[in-house]
Amino acid sequence: MADPTLTAVNHAVLATGRMPGDMGVISNSFRPRGGAVNERANGFGIVPETPTLWSAGRANGLCVGSLLWPAGANGGLADRADFGLGWPMKPAAPAAVLELDPEDAGTTGELPSADGVKPLAWTLHYDFGEGAEPESAEALVVLVDGNPDGKPRWDTVGVKAPGSDDWTLHGDRDWFSVAFDLRQADVLGKNRWASWAKIVHVDPLRGRLKLYRGAAWRTIAWPETFENELTDAIGPWPGVPDDRRLAEWWLDAAAGVDLDVYIEQIERLDRWIDAAAEWVVEHEEFDLLMTYHPGPDEYQHSSLIVDQLQWAWSPGRALAADEGLKRVGRSADRSVAVLWSLLDPARDVLVAVSDHGHLPIHDKLRINVALAEAGLVRLEEGPDGRTRVAPTSPMVAVSSGAFAHVYLNLAGRDKGGVVKRSEAGELLARAAKVLADLMLDGRSVIEEVRGREELAEIGLDHPASGDLVVILAPGFAASGGLSGDVLAPTRYYGQHGFLASHDGMCGMLFARGAGIKRGRVDELHATAVAPMVAQLLGFSLEE
């Protein structure tokens, strides 16, 4: 893989065949060339500066689709795939874990309840915020005895969605979906949204009900006709797994959502992407379809629990996390099998590739706090009352994963720059020493600090790259936090962004179909993938 081993970077490498210094996607987040201290570029929203598989394909008269492909193919960019799915960034309503108490319940005669058990009814409320139409919605949740066996107990959950007269019935640990027609102020048109909710536990004797109410999401796709037809066929985007609440559960089994709930969310998203691919193959004419399944990445970030130094580690949790990873792998395998089943082996090719691996982490480095304590970054309270890097700060670190660009705030080069060129060398030397000297229990926190003149060696020499590049040692990840201790335990357990030379950062590649000879290649650089795909399609990215 290419350095830094980050999602946006290596998806752009896989789509262009060029190193980050050549094509301009140099991190998941970075400061644009000449930008102010707090100005940021989003690597997922940057159009690569060199030809991509979709732009070169289009130039050669081909049609390219993207299903969630990160870095450059999405619908909000000037250069994008001809059709595709984007990544929804903000739900209409947040997720919540709800403990529904019978003392707070009403009742209803709409659902029968057996064995003399009183129906218990609660309102499931969704708040969409000011300016939305509607601003809120309510579903009705009722707990009844659905089994007339002479044993009075609550065992069945009835759900009536907003605007519906129909009930759906569910048991303990079941999922159900609540759908909405909703228009938000910043979204054109009235779109379909949905929230997936989980019955976490039914107390059959006390009538208590624990629910996980998932966030409300919609599909983001282009063109509009593609979005509407796809949503009608397979339903709205089901949402990403709930990292924050799983992190709570790893440390307290009574909090958050458990591992089964989290993995079920990954599996649902995999099946939804599978359904999208099946629909596209049946209804769209295309030459290349680029898809992305985030499940293995999401899972390892949240649950790569293998090291006794990790906050959540115990023998039991490590075993559970390992078994969960196998389950996530089986779900990914199923998705690959679905894609292969859609193709004609005599004509088509399937290329499965990953963008990086993961290494376990146990502590996070608040890199700007470390530099601030050395007098190299200036922090202040912003207009919103939150700590920020002051516009007059001598430098700033912009981090992603286990990687960071450190930028001087250079006068004459950067917007609002304050550092004189005569001071630059000394400040960078001080920053490099502060970071290189960071230790925890006798172990170095930083693996490499490189100056700009050394970036060409790792393919990262670009005008927007940092004056220093910092790559953390395995076990540590960078944090953008601006308060707290310099080093602190993390509730995130897997990370990437480490040096690509680590075996654990390597991806994988599998290709099968027309023109692919049976064999094994021990190692292939990420830059070789796009030229291979282009050649299979009959064009060259160099032209």
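See the structure shown above.
As the structure is a computational prediction, the values presented were derived from the model and not from experiment. (Residues numbered from 1 in each chain as written. Predicted model: local features only at pLDDT ≥ 70, side-chain atom pairs only at ≥ 80, totals over all residues. Heavy atoms only, no water.)

## Here we look at the sheet that holds strand S10 (residues 175–182)
One key point about sheets: their strands pair by backbone hydrogen bonds, in either a parallel or an antiparallel sense. Heads up, the rule is: In this description, strands pair whenever DSSP reports at least two bridges between them. Under the DSSP-based scheme used, a helix requires at least four consecutive residues in state H or I and a strand at least two consecutive residues in state E, with every element numbered from the N terminus. Angular values range over 0 to 180 degrees, each being the angle between N-to-C directions of two axes fitted as lines to C-alpha atoms, with helices fitted over their stretch in contact. Two residues form a contact once any of their heavy atoms are found within 4.5 Å.
Read across the sheet, four strands follow the order S5-S12-S11-S10 without closing on themselves; strand pairing throughout is antiparallel. The open sheet has two edge strands with one neighbour each: strand S5 (96–100) and S10. Pairwise comparison of adjacent strand axes, ignoring direction, gives a mean angle of 25° for this sheet. With eight bridges connecting them, S10 and strand S11 (residues 191–202) associate as antiparallel partners. Within S11, the residue paired with Phe176 across the bridge is Ala197. In the packing of helix H6 (residues 259–283) onto the sheet, contacts are made with S10, S11 and strand S12 (209–218), and the angle to S10 comes to roughly 55°.

## Considering the pairing of strand S19 (residues 395–400)
Note the cut-off: Using a 1.4 Å probe on the protein chains alone, a residue whose accessible area is under 20% of its type maximum counts as buried, one over 50% counts as exposed, and one in between counts as partly exposed.
Within S19, six of the six residues are buried, which leaves the element mostly enclosed by the surrounding structure. On S19, burial covers both faces: Met395, Ala397 and Ser399 on one face and Val396, Val398 and Ser400 on the other are all buried. Of the pairings in the sheet, the one linking S19 to strand S20 (residues 403–408) comprises six bridges and is antiparallel in character. Paired with Ser400 across the two strands is Phe403, which belongs to S20. Between S19 and S20, which follow one another and run antiparallel, lie two residues, and Gly401 among them has a positive phi close to 60°.

## Let's talk about H6
Just so we agree on the cut-off: Between the first and last residue of a helix there are one fewer steps than residues, each counted as 1.5 Å, and that sum is the expected span. Any pair of nitrogen or oxygen atoms within 3.5 Å is treated as a polar contact; in protein, a donor-acceptor pairing is required on top of that, and neighbouring residues in sequence qualify only through side-chain atoms on both sides.
Look at H6: 36 Å from first C-alpha to last across 25 residues, which is about the 36 Å you get at 1.5 Å a residue. Its side-chain oxygen 3.1 Å from the backbone nitrogen of Asp260, Asp258 forms the N-cap of H6.

## Re the packing of aromatic side chains
Convention followed: Only Phe, Tyr and Trp rings are paired, with Trp represented by its six-membered ring, and only when their centres lie within 6.5 Å; those with planes under 30 degrees apart are stacked, over 60 edge-to-face, the remainder tilted. A ring is considered to have a charge above it if a Lys NZ or an Arg CZ atom is located within 6 Å of its centre and within 35 degrees of its normal.
One pass over the structure, following the stated rule, counts nine aromatic pairs. Their ring planes at 65° and their centres at 4.8 Å tell us that Tyr126 and Phe180 sit as a pair that is edge-to-face. Residue Tyr126 is located in strand S6 (residues 120–127), and its partner Phe180 is located in strand S10; the two are separated by 54 residues in the primary sequence. Each member of the pair Tyr126 and Phe180 is classed as buried. Between the aromatic rings of Trp249 and Trp250, the centroid separation amounts to 5.1 Å while the plane-to-plane angle is 55°, which identifies the pairing as tilted. Put simply, the rings of Phe83, Phe226 and Trp279 touch in pairs and so form one group of aromatic residues. Taking NZ or CZ as reference, Arg213 lies 5.3 Å from the ring centre of Tyr126, over its face. The ring of Trp175 has Arg268 lying over it, and the distance from NZ or CZ to the ring centre is 4.1 Å.

## Thoughts on the pairing of strand S24 (residues 468–472)
For S24, the buried fraction is high: five of the five residues fall into the buried class. Side-chain alternation along S24 places Leu468, Val470 and Leu472 on one buried face and Val469 and Ile471 on a second face that is also buried. Here S20 runs beside S24; their pairing, made up of four bridges, is antiparallel. Within S24, the position partnered with Ala404 by the bridge is Val470.

## Notes on the nonpolar core
Counted only if it meets this: Side-chain atoms within 4.5 Å are what join buried Ala, Val, Leu, Ile, Met, Phe, Trp, Tyr and Cys residues into a set we call a nonpolar core.
Core analysis: the largest hydrophobic core is formed by 85 residues, its most contacted members being Leu53, Leu365, Leu371 and Met395. Leave out the neighbours within four places in its chain, and Leu53 touches Leu14, Ala15, Val64, Leu288, Met290, Ala530, Val533, Ala534, Phe539 and Leu541.

## A short note on the environment of His405
Here His405 lies in strand S20. Between the alpha carbons of His405 and Gly239 there is a distance of 31 Å; along the sequence they are 166 residues apart. With residues near it in sequence (within four places) discarded, His405 still touches Ile26, Ser27, Phe30, Val396, Ala397, Val398, Leu460, Ser465, Gly466, Leu468 and Val469.

## Topic: the side chain of His362
Note that His362 resides in strand S16 (residues 359–366). At 3.3 Å, the side chain of His362 and the side chain of Arg443 are in polar contact. Ignoring anything within four residues of it in the chain, the contact list for His362 reads Asp307, Leu309, Gln310, Arg443, Gly475, Phe476, Ala488, Pro489 and Thr490.

## Focus on the environment of Gly65
You can see Gly65 is positioned in strand S3 (residues 64–67). A sequence separation of 192 residues divides Gly65 from Val257, and the C-alpha atoms of the two residues are 35 Å apart. Here Gly65 is in contact with Ala81, Phe83, Leu288, Leu289 and Met290, once residues within four sequence places are set aside.

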